[in-house]
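Architecture at a glance
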Amino acid sequence: MLIALALVASACAGGGLPGGGGGGTIKIVSSLPMTGASLAQTQTIVNAIKMAFEEANYKVGNFTIEFEALDDATPARQNWDTAKEAENARKAVDDQRVVAYIGTYNSGAAAVSIPILCQANLAMISPANTYPGLTKKGAPGTEPSEPDKYYPGGCKRNYSRVVPADDLQGAVGARWMKELGVTGGVYILHDNELYGKGLADVFRAEAQKQGLKESGYEGAPKADNFRTLANKVAASGADWVYYSGLTANNGGFLLRDLKAAKASLKFMSVDGVAETEFLNQAGASAEGQYITFGGIPASAYTGAPKAWADKYKAKYGGTPEVYTIYGYESAKVVLAALQKAGAKANDRATVRDAIMGTKDFEGVLGQKWSFNAEGDTTITTMAGMIIKNKDFTFSKELK
Amino acid sequence: MQAVCPGGSGELIAAGLVIGLTNGALIALIAIGYTLVYGIIELINFSHGDLFMLGTFVALTVLAVLGFDQATSPTPWLALVVALVAAMLFCGILNVLAERIAYRRLRNAPRLAPLISAIGVSFIYINLGLFWRGPSPITFPDLLPNFDFVKAITGAETLIRFNARDAFVIGMAVPLMLALAWVIKNTKMGKAMRAVAQDREAALQMGVDVDRVISFTFLLGGLLAGAAALMHGLYNGNTVFTLGFTAGLKAFTAAVLGGIGNVTGAALGGVLLGLLGAMTVTCYGGEWENVGVFSLLVLILVFRPTGLLGEQTPERA
């Protein structure tokens, strides 16, 4: 009888931890908006994450990796949703196997999930968030309570991102615009979201410093058409529009209406619209417009990024979108951290510290980089792109 | 002027009025669908906005089948007429079917029952749209000529534009509304509609086929929604399966603003909503549009609970 019980007990233990010796299943989730206009972009990010895990055969040390792509968008909003993002974060926290959270796509969504994950010691790594306030104190356009409010009770920093933040993007945008020449003035528009407004404020501050004339500053939240607003911009005498917002908030249609109101307007926008869907929305009016982006577009890749993009194309068909490579890089960082954690790869705090401590990392971005103490990348390269023949073509490196 | 409207000059305000009028005409057409149905069976047909959304999909599909899914010039008028008729018929018939299946049996049930039923139909439509065309916004082909009447007539380059798009919307909305008014006022069916709206029991006793009249009312509302669908597509150049929610909310607001149950009121409410939205953007900025529109709604309902043209009707259980 006793022997039988012992046998059952050992069988159970064996079933729970196959392989033994610190092995088992660990889980990684991503949380990105997989419904709505961003899908074209986020689907490629998920592909890239899967590609990284497949290359590792879903194994690290003695552990088997399980990956699940969560959706933080709702059909009703067509965009990321606060409640859905919070639900995803809680789901990850509740599932004890989850050791890393790749996401989010939108900075506003990150503001929701960072505190939830931080208190559970769960690492979060974003392939796309650029709002400075998530990590930096006192950057232009941020609130004084940021970023501390995202790390409640002084919980240890758990959040990192592989893309440069907007305090760089907004500023290089303003300098690039000055270089291109502003005669009438610049009309600044944003989509009334954390990311869009934050970026507009950074741009505005730098534009003032550079002596660019400001013709207007206004919110342009999602609408069916923007004709009235476009007229206002045209009447203001501005020759430039700076729009910081999202494709999902009809940024492409805004451009269409602006060009209809004043054909000579020049338009500069940001990484939030650097996706194919934006080009569909804007149609012919997109030609020749300017986009800033924290990184290099796939068409301008050379060396390691180029080799990676070719592999991606061979595997999934289409060209990677601008953030796809950062999805891959994020997954690679997580894998490296799990490797470093060794037998403790199923311990959240260990994995978090390993990710935050990423140093001299050589992934597929073509240069070595590290995370600083705040979880920001040391890469500061920004790309200036011009839309040509319905594609984002690399124009110059911005500093 | 500057005190009331800090953002606007005379020219901008004039331009905004034109745009507001066009936006408003579109809202008005949808609003009429709400108000017709409410007038006759006191049901807020929540699925109406989503019916309109399905109409845009039908119009888009018909255009694609005819080979016009890309910007084309000159304008394929015949294809537009076919798409218009298809969208109108589709929405009209679907609306009649919805009434037959989901609302008729609940006509004498407590008022909440058909209301919930209408919300259910709305969800069915939304998911149909999602299943049909997927979750992403869809771009409508640019088919109307690029012609500006103001510039052609005055020769001056101004911000005030009344182009072919505006002409298309106004040129269709106004005759449609006039035709509707004529039908209600002058035809036998129109008379029957008014009778049923006034007192269903009495109309029944006078030999009016109430079921048929109500079906006809849903048909009319659907036809207008279908027409608005093609107009929205060509005017705004986009559609998405959630379109019905925002469009429906605005149209419902317009119907309440004008006095729900009153057709002229719905038209007036729609135009007013469009104008007010455009003026708020012109004067105070894009982020204030909904604030402006809904503040007005609150004010009007506080001082005139029945809406602008609504009449005091005794509450019926």
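Let us look at the structure shown here. (Residues numbered from 1 in each chain as written. Chains lettered and ligands numbered in written order. Predicted model: local features only at pLDDT ≥ 70, side-chain atom pairs only at ≥ 80, totals over all residues. Heavy atoms only, no water.)

1. Quick word on the sheet that holds strand 13 (residues 290-293) of chain A
Residue and element names in this part refer to chain A. Sheet architecture is open: seven strands sit in the order 10-9-11-12-13-14-15, paired in mixed fashion. Of all the strands in the sheet, just strand 10 (214-219) and strand 15 (391-398) have a single pairing partner and so form its edges. The sheet shows a mean angle of 20° between the axes of neighbouring strands, taken without regard to direction. Sheet topology places strand 9 (residues 186-190) next to strand 10; five bridges connect them, and they run parallel. In the sheet register, Ile-188 faces strand 10, and the bridge partner there is Tyr-217. Of the strands in this sheet, strand 9, strand 11 (240-244), strand 12 (266-269), strand 13, strand 14 (382-388) and strand 15 touch helix 5 (residues 166-180), which is tilted by about 145° from strand 13. Helix 7 (residues 227-235) contacts strand 9, strand 10 and strand 11 of the sheet and is inclined by roughly 155° relative to strand 9. (Pairing = 2+ DSSP bridges. Helix = DSSP H or I, 4+ residues; strand = E, 2+ residues; numbered from the N terminus. Axes fitted to C-alpha atoms, helices over the stretch in contact; angles between N-to-C directions. Contact = heavy atoms within 4.5 Å.)

2. Description of the pairing of strand 7 (residues 123-126) of chain A
A regular strand places its side chains on the two faces of the sheet in alternate fashion. All names here are of chain A. The alternating pattern of strand 7 places Ala-123 and Ile-125 and Met-124 and Ser-126 on opposite faces, both of which are buried. The pairing of strand 6 (residues 98-103) with strand 7 spans three bridges and is parallel. Across the sheet, Ile-102 pairs through a bridge with Ile-125, a residue of strand 7. Regarding the hand of the β-α-β motif, the stretch spanning strand 6, helix 4 (residues 107-118) and strand 7 is right-handed. When strand 7 meets strand 8 (residues 159-161), the two strands line up parallel, connected through three bridges. What sits directly across from Ser-126, in strand 8, is Arg-161. (Buried < 20%, exposed > 50% of the residue type's maximum accessible area, 1.4 Å probe, protein only. Right-handed = clockwise from strand over helix to strand, strands pointing away.)

3. Here we look at the interface of chain A and chain B
Listed by partner, the interface residues are 26 residues for chain A and 30 residues for chain B. Both sides together, the interface formed by chain A and chain B hides about 2,300 Å², and carbon and sulfur atoms give 51% of it. Where chain A packs against chain B, one counts one salt bridge. Of the charged contacts, one joins Arg227(A) and Asp166(B) as a salt bridge, the two residues approaching to 2.9 Å between their closest N and O atoms. (Buried area = accessible area lost by both parts, 1.4 Å probe. Salt bridge = Lys/Arg side-chain N within 4 Å of Asp/Glu carboxyl O.)

4. Topic: the pattern of salt bridges
Residue and element names in this part refer to chain A. Counted according to the given criterion, the structure contains 28 salt bridges over all chains. Asp-353 is paired through a salt bridge with Lys-156; the nearest N and O atoms lie 3.2 Å apart. You can see Asp-353 sitting in helix 12 (residues 348-356) and its partner Lys-156 sitting in the loop between strand 7 and strand 8, a full 197 residues away along the chain. Asp-353 gets classed as partly exposed once you look at its relative accessible area, which sits at 33%. A salt bridge links Arg-175 to Glu-206; the nearest nitrogen and oxygen atoms lie 3.1 Å apart. Residue Arg-175 is found in helix 5, and its partner Glu-206 is found in helix 6 (residues 194-209); the two are separated by 31 residues along the sequence. The exposure class of Arg-175 is partly exposed, given its relative accessible area of 30%. When salt bridges that share partners are traced, they join Lys-27, Glu-66, Glu-68, Asp-95 and Arg-97 into one network.

5. Things to note about unusual backbone geometry
Residue and element names in this part refer to chain A. Across the junction of Gly-103 and Thr-104, the peptide omega takes the value 0°, indicating a cis bond. With respect to the helices and strands, Thr-104 occurs in the loop between strand 6 and helix 4. Glu-146 connects to Pro-147 through a cis peptide bond whose omega is -5°. Along the chain, the position of Pro-147 falls in the loop between strand 7 and strand 8. With phi around 55°, Tyr-58 is a residue other than glycine that occupies positive phi space. Take Tyr-58: it is sitting in the loop between helix 2 (39-55) and strand 2 (59-60).

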